[in-house]
Amino acid sequence: ILSMANKADSGWRDFIDAFLHLGALKRAFWIVLIAYVIESMAYFGILILMTTYLTADLKIPDAYAGMFVSLFTMGVTLFTIGLGSYLERLGVRRAMLIGFLLCVIGRALWSAAPLFSGHFVIVVIVIALIINASGRAITTPMSYSGAKQYTDERTNSMAYGLNYAMMNLGIVGI
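Criteria and cut-off values
Residues numbered from 1 in each chain as written. Predicted model: local features only at pLDDT ≥ 70, side-chain atom pairs only at ≥ 80, totals over all residues. Heavy atoms only, no water. Helix = DSSP H or I, 4+ residues; strand = E, 2+ residues; numbered from the N terminus. Rg over C-alpha atoms; globule rule 2.2 N^0.38 Å. Buried < 20%, exposed > 50% of the residue type's maximum accessible area, 1.4 Å probe, protein only. Areas by Shrake-Rupley, 256 points an atom, 1.4 Å probe, with all protein chains shown as cover. Lys, Arg positive; Asp, Glu negative; His and termini not counted. Charge placed at Lys NZ, Arg CZ, Asp CG, Glu CD. pLDDT = per-residue confidence, 0-100. Core = buried A, V, L, I, M, F, W, Y, C linked by side-chain atoms within 4.5 Å. Contact = heavy atoms within 4.5 Å. Salt bridge = Lys/Arg side-chain N within 4 Å of Asp/Glu carboxyl O.

## Describing the overall build of the chain
Part 1: In terms of regular secondary structure, the chain is built from six helices and zero strands.
Part 2: Ordered by position from N to C terminus, the α and β elements of the chain give α-α-α-α-α-α.
Part 3: Over its C-alpha trace the chain gives a radius of gyration of 20 Å, far above what one expects of a compact globule, namely 16 Å for 174 residues.
Part 4: Overall, the C-alpha framework of the chain stretches about 75 × 35 × 20 Å when taken along its three principal axes.
Part 5: Here the chain holds 174 residues, and 37% of them are scored as buried.
Part 6: In the structure as shown, the chain presents an accessible area of about 10,200 Å², 70% of it carried by carbon and sulfur atoms.
Part 7: A gap of 8 Å separates the mean positions of the 12 positive and 9 negative side-chain charges of the chain.

## Here's the deal with the confidence of the model for the chain
Part 1: Taken as a whole, the chain shows an average pLDDT of 88; of its residues, 94% reach a score of 70 or greater.
Part 2: Mean pLDDT values for the elements of the chain range from 68 in helix α1 (residues 2-20) up to 95 in helix α4 (residues 92-112).

## Quick word on the nonpolar core
Part 1: Formed by 23 residues in total, the largest nonpolar core has its most connected members in Met50, Leu54, Leu58, Phe72, Trp110, Ile125 and Leu129.
Part 2: Listing elements by their share of this core, those giving two or more residues are α2 (27-57), α3 (62-87) and α5 (120-149).
Part 3: By size, the runner-up hydrophobic cluster in this structure holds 16 residues, among which are Met96, Met142, Ala147 and Leu162.

## Quick notes on the side chain of Arg136
Part 1: Here Arg136 is to be found in helix α5.
Part 2: Taking relative accessible area as the criterion, Arg136 reaches 4% and is therefore assigned buried.
Part 3: Residues within four places of Arg136 in sequence aside, it is in contact with Tyr36, Glu39, Ser40, Tyr43, Phe44, Val76, Cys103, Pro141 and Met167.

## Thoughts on unusual backbone geometry
Part 1: The phi dihedral of Lys59 is positive, around 60°, even though this residue is not glycine.
Part 2: Looking at the element boundaries, Lys59 is found in the loop between α2 and α3.
Part 3: Judged by its relative accessible area of 64%, Lys59 is exposed.

## Examining the pattern of salt bridges
Part 1: One pass over the structure, following the stated rule, counts three salt bridges.
Part 2: For the salt bridge of Arg107 with Glu39, the shortest nitrogen-to-oxygen distance reads 2.9 Å. One end of the pair, Arg107, is in helix α4; the other, Glu39, is in helix α2, and 68 residues separate them in sequence.
Part 3: Judged by relative accessible area, which is 2%, Glu39 ranks as buried.
Part 4: One salt bridge connects Glu39 with Arg136, and the closest N-O pair in it is separated by 3.5 Å.

Structure, rendered in structure tokens:
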């Protein structure tokens with residue numbers, strides 16, 4: 001019975017220590033984490049409103065709007081495979097900056113789409129979505145790469161968990 005009590009005490013101690021060790025995380029980790037939360041809010045905010053924007057504001061038929069959303073999310077997934085691992089060579093900071101720059105350019109172009117007319121609107125949307133998907137495809141793996149680089153044995157599990165939880169908070173925060 002005493003052995004079970006010691007195991008329980010040890011489990012609670014390990015649990016509390018995991019949170020206390022978060023204070024030892026490098027500032028770079030927190031910067032990457034906050035940037036990733038902001039990017040997640042923007043990404044999921046656009047994703048939620050994408051169909052409405054395409055149909056109501058740009059007068060694109062529902063079937064095509066759904067296709068754009070599907071192709072965009074597929075693009076993020078496919079681009080992540082190539083761009084994330086390739087740009088990791090530049091380092092987390094540079095790759096995150098490139099990813100954010102691409103996201104800003106893509107979202108600015110996306111927002112400017114109503115200024116265009118005719119078939120050119122479709123071209124602008126496709127270009128904006130490709131640029132934005134590329135940016136997102138860089139920021140996501142870089143946030144996890146940052147969690148790997150800026151942690152140690154004591155903090156890596158909590159850092160990965162925190163990274164994932166904060167991304168979900170970014171979804172809820174929109």
